[in-house]
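# Summary of the model geometry
The chain contents come next:
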Amino acid sequence: LKNIKGNNIKVSWKGVKGAKGYQVANNATTSGKLKIQWTVGSNARTYFSMHKTKGKIYKFKMRYFKMKDGKKVYSAWTSVKTIKVD
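Report on the accompanying structure. Nothing here was measured: the structure is a model prediction, and the numbers come from that model. (Residues numbered from 1 in each chain as written. Predicted model: local features only at pLDDT ≥ 70, side-chain atom pairs only at ≥ 80, totals over all residues. Heavy atoms only, no water.)

## Observations regarding the environment of Lys81
Considering the arrangement of structural elements, one finds Lys81 in strand 8 (residues 81-84). Separated by 46 residues in the primary sequence, Lys81 and Lys35 place their C-alpha atoms 14 Å from one another. Polar contacts involving the side chain of Lys81 include one to the side chain of Ser79, which spans 3.4 Å. (Helix = DSSP H or I, 4+ residues; strand = E, 2+ residues; numbered from the N terminus. Polar contact = N/O pair within 3.5 Å; in protein donor to acceptor, adjacent residues only side chain to side chain.)

Shown next, in the form of structure tokens:
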């Protein structure tokens, strides 16, 4: 997690071999619970969370998925990571 250009957050990760895609969940507001905000194919390695409130703390987690018998099989969620917007 990294603050960029004021009130925006950049989330980036290393790829997982065999993954067909990734999901990123975060709290859209500082008091909200984590919800899936983005699902993307295997080529993406970066997510931008824009226009956050300065001085507040935001939470993020992610997981990957693979395909098995035509269905998505999800990994466990990562541990929650937090960042304070500068």
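## Observations regarding the nonpolar core
Within the largest apolar cluster, 14 residues are counted, with the highest numbers of intra-cluster contacts made by Ile9, Val11, Trp13, Tyr22, Val24, Tyr47 and Phe60. Among the elements of the structure, strand 2 (8-12), strand 3 (21-26) and strand 6 (57-68) are those that each provide at least two residues to this core. Sorting elements by how many residues they give to this core places strand 6 first, with 3 residues. (Core = buried A, V, L, I, M, F, W, Y, C linked by side-chain atoms within 4.5 Å. Buried < 20%, exposed > 50% of the residue type's maximum accessible area, 1.4 Å probe, protein only.)

## So, the packing of aromatic side chains
A complete count under the given rule lists 4 aromatic pairs for this structure. With centroids separated by 6.2 Å and ring planes inclined at 65°, the aromatic side chains of Trp13 and Trp38 adopt a geometry described as edge-to-face. Of the two residues, Trp13 is situated in the loop between strand 2 and strand 3 and Trp38 in strand 4 (residues 35-41); the sequence distance between them amounts to 25 residues. Aromatic pair Trp38 and Tyr47: ring centres 5.1 Å apart, planes at 35°, arrangement tilted. Taken together, the ring pairs connect Trp13, Tyr22, Trp38 and Tyr47 into an aromatic cluster. Sitting over the face of the ring of Tyr74, Arg63 holds its NZ or CZ atom 4.0 Å from the ring centroid. (Phe/Tyr/Trp six-rings, centres within 6.5 Å; stacked < 30°, edge-to-face > 60°. Lys NZ or Arg CZ within 6 Å of the ring centre and 35° of its normal.)

## Remarks on unusual backbone geometry
Residue His51 is not a glycine yet carries a positive backbone phi of 60°. Along the polypeptide, His51 turns up in the loop between strand 5 (46-49) and strand 6. Despite not being glycine, Asp69 shows a phi value in the positive range, around 55°. Note that Asp69 resides in the loop between strand 6 and strand 7 (71-74).

In short, the description is geometric, and any link to function would need to be established separately.
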